[in-house]
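# Per-entry structural report
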Amino acid sequence: MQNLCAMFKMFGLAHIVYLLVSIAIVVGLYFLMRNMEEKMQKLIGIILVAAAGLLIILEFVGRIMAGLDVGDNLPLAPWDMMAYIAIFVQITKRENWIKFGYLITVPISVLALFITPSVFGTIGSVTLPILCYFLINSIVILHGLLCIKWADIEFSKKDILISSMNYVIILAAIHIINVIFRFTGIGKHANYFGTMGEDYDVMDGLLSKWIPVPFLQIIVMVAVLVGIEFLLVLPFAYHSSKEADRAHIEELVALGNLKAQQEYRKSGKGSQVLIRGEQKAKPVVPKNTAGSMSKDGFVSVSKQVNVNNEHRDH
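The structure presented is a predicted model; accordingly, all values stated were derived computationally and were not measured. The written sequence of each chain sets the order in which its residues are numbered from 1. In keeping with the predicted nature of the model, local features appear solely for residues at pLDDT of at least 70, side-chain atom pairs appear and are counted solely at 80 or more, and the whole-chain, interface and lining totals rest on all residues. Side-chain descriptors were evaluated using all non-hydrogen atoms of the structure, hydrogens and water having been removed beforehand.

### As for empty space enclosed by the protein
Using the following cut-off: Cavities and pockets were defined on a 1 Å grid built from protein atoms only: a cavity is a group of points that admits a 1.4 Å probe but offers it no way out, a pocket is an open group of points flanked by protein on both sides within 12 Å along at least five of seven lines, and a lining residue is one with an atom within 4 Å of any such point. Grid points are joined across faces, edges and corners, and a volume is the space filled by probe spheres set on the points. Put simply, DSSP marks the helices as runs of H or I at least four residues long and the strands as runs of E at least two long, and each gets a number from the N terminus on. Polar here means any residue outside two lists: the nonpolar Ala, Val, Leu, Ile, Met, Phe, Trp, Tyr, Cys and Pro, and the charged Asp, Glu, Lys and Arg; Gly therefore counts as polar.
Counted under the stated rule, the structure contains two cavities of 30 Å³ or more. In this structure, the largest cavity encloses a volume near 60 Å³. In terms of lining, the largest cavity is formed by Met82, Ala86, Val89, Ile98, Gly101, Thr105, Val140, His143, Gly144 and Cys147. At the level of secondary structure, the elements contributing two or more residues to the lining of the largest cavity comprise helix H3 (78-92), helix H4 (95-114) and helix H5 (128-151). A total of four residues in the lining of the largest cavity trace back to one element, the largest contributor, which is H5. The residue inventory of the lining of the largest cavity, partitioned by class, reads six nonpolar, four polar and no charged. Of the pockets and cavities examined, the second largest cavity occupies roughly 30 Å³. Forming the walls of the second largest cavity are Leu48, Val49, Ala52, Ala83, Ala86, Ile87, Ile139, Val140 and His143. Broken down by secondary-structure element, the contributors of at least two residues to the lining of the second largest cavity are helix H2 (38-65), H3 and H5. Per-class residue counts for the lining of the second largest cavity are eight nonpolar, one polar and no charged.

Right under this line is the structure:
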């Protein structure tokens, strides 16, 4: 317990405990809530973003109580912005922002759980800012995953481009805020999103050794984020491909393609009703039946009927 109450250290005991608890919260609640009815989905979404909003306020208050400078610690940090986006997604329900939540806010929040701001090294492990920090990121991740699950959305490469461009615009706006805050003295060390370089977190500290221009460091991180986005889209692309292949085979089966029927059986996922139906769907062949004369010799009946061949020549 003494180690938990010591100064926060990345990948120290306290960090590992926070990390494991956050993962447990996200995974547990996701599997619990993913198949909820539509009315419950809306309620759960509202509860999640309301909790995120409350935690943003508490985290800011905790920073001020910890003696950190107000101008340098306004709720404009990445985890705060990701929470704002989650709230915006919940209010608007716009598909492009739901995708943004999955492609941008989820990976950034996951990264935030592992790589914490350097300022946390100056405060105790069990403090309000750090508790809120991990809870905010956990809620953002959970909300982003649930929105994708509930909306049943498909992705394309175009979505990656659009989401990445929107994120760059947000970064540019934050960079302008940092410059204004430093120029006016509102925040002498304002460095939201690490756009000013310096030692914002371990990632920025590492990149600053290789890239001397601060904002170019962010561009490199955006490029890495784009790569992560491609990985996040892969499961959806694979699922769409499999569904397209299956639909094509079913179409061929419906047209009586024997090879397609064989593949359909081998897949083990096809409808056996459809296969049995296709086995009976033989070409209609006309068959003549001649009626016989009646005993009195006055009537002779002859008619043509269409029947399915019941047997296949082998």
